[in-house]
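Observations on the three-dimensional arrangement
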Amino acid sequence: VHGLWDTPRIFNQLARELEEKGFIVLTPHLPHKLGRVPIGDLAQMLDTFILKEIGEETVIDLLGFSMGGLIARVWLQDLSGAKRTNKFISLGSPHKGTYTAQLVPSALFPGIGQMKRGSLFLQRLNWNSTSLNIVKCISFFCFFDLMVFPGWEAVLPVGASFQIPVLTHKGLISNLKGIDIIVREFLKTRQ
């Protein structure tokens, strides 16, 4: 699930690597409208996409990059996606918020406003995260991330967390080191 100002193209290299290893990769396009669409609405779009593409029964692994990690969390926690998800990889997602969003007016950009540090949206997600306990959750972050700042707090309230040795937010999904780490994590599902 892509993040704000991104499209599914951001996953092209990762998708190629995973498909070469035999995975089926689906990358929905969720139009954020520059942050004007609330995260819950985007999660509903994700739910519609998943139901259309693979139905209700197939168990999946899920990756969310940046804001996409929050969209995935709403799908997992509020739309019962956790019941059909084996693994959730969060990649540079502002689970505790980001100072980068603080000055953006929430009334004009509710999707960005939900990512502010201390937002009621994030407090609710983090307070009510028990449904994630049935999913293998892994958070990857970039220590020097300036988009999700502070980067070392871009971790889920459950599961393991690891730093990817890249210098930028976008590097988490575009750097070959990062892609290799993510592919290896997906391969563990098959073991």
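Description of the structure in this document. Just so it is clear, the model here is predicted, and its values are computed rather than measured. (Residues numbered from 1 in each chain as written. Predicted model: local features only at pLDDT ≥ 70, side-chain atom pairs only at ≥ 80, totals over all residues. Heavy atoms only, no water.)

Here we take up the sheet that holds strand β2 (residues 85-91). The 4 strands are arranged β1-β2-β3-β4 in an open sheet whose pairing can be described as parallel. For this open sheet the edge positions go to β1 (60-65) and β4 (160-163), each flanked by a neighbour on one side alone. Within this sheet the neighbouring strands show an average axis-to-axis angle of 15 degrees, counted without direction. Judged from the 4 bridges that link them, strand β3 (residues 136-141) and β4 form a sheet pairing that is parallel. Each residue of the ladder has a partner; that of Ser139, found in β4, is Ser161. Most of the contacts of helix α7 (residues 176-187) go to β2, to which it runs at about 165 degrees, and overall it touches β1, β2 and β3. (Pairing = 2+ DSSP bridges. Helix = DSSP H or I, 4+ residues; strand = E, 2+ residues; numbered from the N terminus. Axes fitted to C-alpha atoms, helices over the stretch in contact; angles between N-to-C directions. Contact = heavy atoms within 4.5 Å.)

What follows covers the nonpolar core. In this structure, Ile39, Ile71, Phe88 and Met115 are the most contacted members of the largest nonpolar core, which totals 33 residues. Elements with a contribution of two residues or more to this core: α2 (39-54), β1, α3 (67-78) and α5 (120-127). Sort the elements by how many residues they give to this core and α3 lands first, with 7 residues. Setting aside anything within four residues of it in sequence, one finds Phe88 in contact with Leu62, Gly64, Gly69, Ala72, Arg73, Leu76, Val135, Lys136, Cys137, Ile138 and Leu156. Formed by 20 residues, the second largest nonpolar core is a distinct cluster that contains Ile10, Leu18, Val166 and Ile173. (Core = buried A, V, L, I, M, F, W, Y, C linked by side-chain atoms within 4.5 Å. Buried < 20%, exposed > 50% of the residue type's maximum accessible area, 1.4 Å probe, protein only.)

So, on to unusual backbone geometry. Between Phe149 and the following residue, Pro150, the backbone shows a cis peptide bond with an omega angle of 5 degrees. The topology assignment puts Pro150 in the loop between β3 and β4. Not every positive phi belongs to a glycine, and Lys33 is a case in point at roughly 55 degrees. One can find Lys33 in the loop between α1 (12-20) and α2.

Right, let's get into the side chain of Asp145. Tracing the backbone shows Asp145 in the loop between β3 and β4. It is Lys170 that comes nearest to the buried, bridge-free Asp145 among opposite-charge side chains, at 11 Å. Apart from the residues lying within four places of it in its own chain, the contact partners of Asp145 are Gly151, His169 and Leu172. (Lys, Arg positive; Asp, Glu negative; His and termini not counted. Salt bridge = Lys/Arg side-chain N within 4 Å of Asp/Glu carboxyl O.)

Our focus in this paragraph is the packing of aromatic side chains. With the rule as written, the count across this model stands at 6 aromatic pairs. Seen in terms of ring centroids, Phe143 and Phe144 are 5.3 Å apart; in terms of plane orientation they differ by 80 degrees. Their pairing is edge-to-face. Judged by its relative accessible area of 36%, Phe143 is partly exposed. Taking 6.4 Å as the distance between ring centres and 70 degrees as the angle between the ring planes, the aromatic pair formed by Phe149 and Trp152 counts as edge-to-face. Of the residues examined, Phe149 reaches a relative accessible area of 34% and is grouped as partly exposed. What links up through ring pairs into an aromatic cluster is the set Tyr99, Phe143, Phe144, Phe149 and Trp152. (Phe/Tyr/Trp six-rings, centres within 6.5 Å; stacked < 30°, edge-to-face > 60°.)

As a further point, take the pairing of β2. Of all 7 residues in β2, 6 are buried; the element is thus mostly enclosed. At this point the chain moves from β1, through α3, to the parallel β2, and the crossover so formed is right-handed. The pairing of β2 with β3 spans 5 bridges and is parallel. Each residue of the ladder has a partner; that of Phe88, found in β3, is Cys137. (Right-handed = clockwise from strand over helix to strand, strands pointing away.)

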